[in-house]
Amino acid sequence: MALSRVIEIDELIQQVHGFHPEADEALLRRAYDFSAKAHQGQTRRSGEPYLQHPLAVAGILAFLKLDVTAIMAGLLHDTLEDTVATQDELRRHFGHEVAHLVEGVTKIGQISFRTYEEKQAENFRKMLLSMADDIRVVFIKLADRLHNMRTLGHLPENKQKQIAQETLEIYAPLANRLGMSWMTQELENLCFEYLKPEAYSLLKLRVAKRDEERQEYVQSLIRETVKALAKAGLPGEVEGRPKHLYSIHQKMERQDILFEEVHDLAAIRIITDGSMNCYTILGLVHSLWVPVPGRFKDYIATPRTNLYQSLHTTVLGPQGDHVEFQIRTEDMHRLAEYGVAAHWRYKEHGKVGERDKHVFSWLRQLVEWHKDLSDNRQFMDSVKLDLFHLDVFQDVVFAFTPKGEVKELPQGSTSVDFAYAIHTEVGDHCVGAKVSGKIVPLRQPLTNGDTVEILTSATQAPKKEWLMFVRTSRAKAKIKHFLKVEEQRQGLELGRRLLERELRRHHFPAAQLFKSGQLSTVASGKGYESVDDMTRMVGYGRLSAAQVVTWMASPGENSAKADNDVQALPTRGPTQRSVKAVKVMGRRDVLMQLSKCCGPVPGDPILGYITRGRGLTIHVKGCPNLEALDYEKDRFVDVEWDAAIEGSHSVKVCVLTIDRPGVLANVSSAISASQANISRAEITTREDQKAVQDFVIEISNTLQLERTLEAIGRVEGVISAKRVRSWQDS
């Protein structure tokens, strides 16, 4: 869709004049000259002049037909971050708007961050706030990311994967939320290529081969559709639309099927001249081929949050294959391809017109919903979930308030999600719900068309178990925030009681010490922000009350807060078993155990959680059980695998195969050849002539596990091979 080659300034100006004849050419040339001078002598990893990058970004913005101000900002977008140019210079030469846009896309570079995740979160917070102020910021950022992805091959492999993963989790879903389908698809395909190069290459080859075979089939459907439209006197352009590679890969993974079982590699798109004709053509299509039940979506009557409109229906084609038809008007098609950039209009200073404001309501909500999340990891996880949950059409349900207001939610959402979508207070005090007039359990998923009435009580408060069934990031964030505040309150109360008791036991005047400020001196001397902060650590079990009393008795004793925190953890006794392959803050004598729910293996990213009385439990980062405890972040401890210690670890592996003799033996041989031992095996056959082979194998690290899974995948008859966590067993 978009230009993939770099254009020169004369070609850029000519392109801008094509959709904006009155554009000020002198301004564009001035921005180009400033950027050229600022980046003079700089080169990219490919060796080409750095100036090629801002030119390419400006070219993408021109392809989107943005205004001259945005295109100038595209030419200048890296000057604040990568050159000696200042914001005052930009404001003086190009005005406040351009300087403001460039500042909005500039990363936070003057602050020192402890981790990449922390820097990523703060940069994204900044971009969110800038987007809410001027939506052009996100167009420039997406154009920047798209060109960086197109030229990612010149970076080291670890950097390629890091950038591709971030793009897949944040920027591709963001483009999708803005309705820019061509950009979403290109970003996803590029991420797929760098994150799973072997799977990408194989799928690309298979699709190309299948495409040759299916071209005539698709063309025959198009000819028959065109003929039927002409006979009925209905206007319409008919074209075939191939699925992009990443969506095919997703379908294979999600449905656990072979490539040969994917029957809808292409869809038919019909573009007509009005909404009424869309419905008429839908009836015509259904008269030609049998519609598949449950596969009809009316996004014209109920547009998506990004204003996407179209009719989707799946029919049984001439050879029994599923064929998807998309029916829309020209305006709908333009919006579907280019999203918000295709139809919005500036009123002044980058603000959107009144009729378009609801398109960006989700953006304002995104900023509002996440303002309470001070923890960077929780913030990013919540934002990713909110961006991603509307990424697939099939994952959306529409439910209504009693007054007829529609709420768009991810599939599987419950009445609690619905309550929080209305207002935080409604969610916090939700005690029940009437769905279509009937009282239902709060955990019951909603379905399309449900009318939901939320029942509330002033005495109700969010419950921890709600986190196990809510689906929206808003609900999760609000529940976690409430529980975190409540946990802090309880921790403070318990810590104060424990401290007062210990102080009295040593004949210290407890009440007087809390009032006098002496405890405050001790707390600040040990690195705590306040007495309350130190007291909460006592309540959480991370610090002993006896240790605080020792500090009171020996004020000259010096030790770091982090050291005292580790000393407060239970250490391993002579008869206690613990994990030998994990270190916490360099120590190996801390009592800890690997979590059974996620089964960490050396190589997995891990995090420790302090359990009361049982020391540390080691979880894989991203474990749902760990995420449910996100509001208790004070109990999290950074841990690492000890590379000096080797051992074996049990991992569950599920292999789906064709049910035929010899496959089990070949799979077992592949596992043995990878130096992995089988400690348990269970085989289940299915009615569809497939077999499920569940193994528990002993491996040393994730690298050996990946090699083993790859070896299994190469066995003839194997459909898929994957690691299984306990939470995935069902």
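Turning to the overall build of the protein, a few remarks are in order. Broken down by element type, the protein carries 28 helices and 20 strands. For the protein, the proportion of its 730 residues judged to be buried stands at 51%. Of the contacts formed within the protein by residues at least 6 apart in sequence, a portion of 65% connects residues at least 24 apart. For the protein, the accessible area works out to roughly 35,000 Å², and carbon and sulfur atoms hold 50% of it.

Quick look at the packing of aromatic side chains now. Counted according to the given criterion, the structure contains 6 aromatic pairs. A network of ring pairs unites the aromatic residues F192, Y200 and Y246 as a single cluster.

Applying the stated rule across the entire model yields 18 salt bridges. One salt bridge in this structure joins E25 and R29, with 3.0 Å as the shortest N-O distance. With E25 and R29 both in helix α2 (residues 25–38) and 4 residues apart, this pair spans about one turn of that helix. Between E405 and K407 there is a salt bridge, with the nearest N and O atoms lying 3.0 Å from each other. Given a relative accessible area of 13%, K407 falls into the buried group. In this structure, a network of salt bridges that share partners links the residues D10, E25 and R29.

A separate point is the sheet that holds strand β8 (residues 430–435). Strands sit in the order β9-β8-β10 across an open sheet of 3 strands; the sheet is antiparallel. Unpaired on one side and paired on the other, β9 (438–440) and β10 (452–456) mark the two borders of the sheet. For this sheet the average axis-to-axis angle between neighbouring strands, irrespective of direction, equals 35°. Each of β8, β9 and β10 is contacted by helix α18 (residues 415–422), which is oriented at about 85° to β10, the strand it contacts most.

This part is about the nonpolar core. For soluble globular proteins, nonpolar side chains are generally found buried alongside one another. Membership of the largest hydrophobic core comes to 74 residues, with the highest contact counts inside it found for L12, M149 and M183. When near neighbours in sequence (up to four residues on either side) are disregarded, L12 contacts I7, L55, A58, G59, A62, I71 and L75.

With mixed pairing, the 5 strands of this open sheet are ordered in space as β1-β2-β5-β4-β3. Where the open sheet ends on each side, the last strands, each with one partner, are β1 (237–242) and β3 (290–298). Averaged over neighbouring strand pairs, the angle between their axes works out to 25° when direction is ignored. As defined by bridge partners, β1 adjoins strand β2 (residues 266–272) across 6 bridges and the pair is classed as antiparallel. The partner of E237 across the bridge, within β2, is I271.

Attention now goes to α18. With 6 of 8 residues buried, α18 is to be regarded as a mostly interior element. Inspection of α18 places S415, V416, D417, F418, A419 and Y420 among the buried residues, and these make up the whole buried set.

On a regular strand, one side chain projects to one face of the sheet and the next to the other, so that they alternate. Counting buried positions along strand β6 (residues 396–400) gives 4 out of 5 residues, so the element sits mostly inside the fold. Pairing geometry for β6 and strand β7 (residues 406–410), over 5 bridges, is antiparallel. When the sheet's bridge partners are listed, A399 is paired in β7 with K407. Between the end of β6 and the start of β7, which pair antiparallel, lie 5 residues, with G404 showing a positive phi angle near 95°.

What follows concerns the side chain of T702. If you trace the backbone, T702 turns up in helix α28 (residues 702–713). A relative accessible area of 16% means that T702 is categorised as buried. Other than its neighbours up to four places away in sequence, T702 contacts V601, P602, G603, D604 and R723.

The next thing to look at is the confidence of the model for the protein. Looking at the protein as a whole, its pLDDT mean stands at 80, while 80% of the residues score no less than 70. Predicted confidence is poor over residues 108–113, with pLDDT under 50, and the contacts of this stretch with residues over four places away or in other chains come to 8 contacts. Of the regions scoring below 50 in pLDDT, residues 557–567 engages in 22 contacts with residues more than four places distant in sequence or in other chains.

Procedures and definitions
For every chain, the first residue of its written sequence is number 1, and the numbers climb from 1 along that sequence. At least 70 in pLDDT is required for a residue's local features to be given in this predicted model, at least 80 for side-chain atom pairs to be given and counted, and no such filter applies to totals for whole chains, interfaces and linings, which use all residues. Note that water and hydrogens are dropped before the side-chain values are worked out from all heavy atoms of the structure. Counting from the N terminus, the helices are DSSP H or I runs at least four residues long and the strands are E runs at least two residues long. Exposed residues in this analysis have more than 50% of their type's maximum accessible area, buried residues have under 20%, and partly exposed residues fall in between, with area computed by a 1.4 Å probe over protein chains only. In this description, contact between two residues means that some pair of their heavy atoms is separated by no more than 4.5 Å. Working definition of accessibility: Shrake-Rupley area with a 1.4 Å probe, residue cover restricted to the visible protein chains. Pairing of aromatic rings covers Phe, Tyr and the six-membered ring of Trp, with a centre-to-centre limit of 6.5 Å; geometry is then stacked below 30 degrees between planes, edge-to-face above 60, and tilted otherwise. Counted as salt bridges are all cases of a side-chain nitrogen of Lys or Arg within 4 Å of a carboxyl oxygen of Asp or Glu. A pair of strands is treated as paired once DSSP finds two or more bridges between them. Each axis is a line fitted through C-alpha atoms, taken for helices only over the stretch in contact, and angles between the N-to-C directions span 0 to 180 degrees. We define the nonpolar core as a collection of buried residues of types Ala, Val, Leu, Ile, Met, Phe, Trp, Tyr and Cys that are connected through side-chain atoms lying within 4.5 Å of one another. pLDDT expresses, on a scale from 0 to 100, how confident the predictor is about each individual residue.

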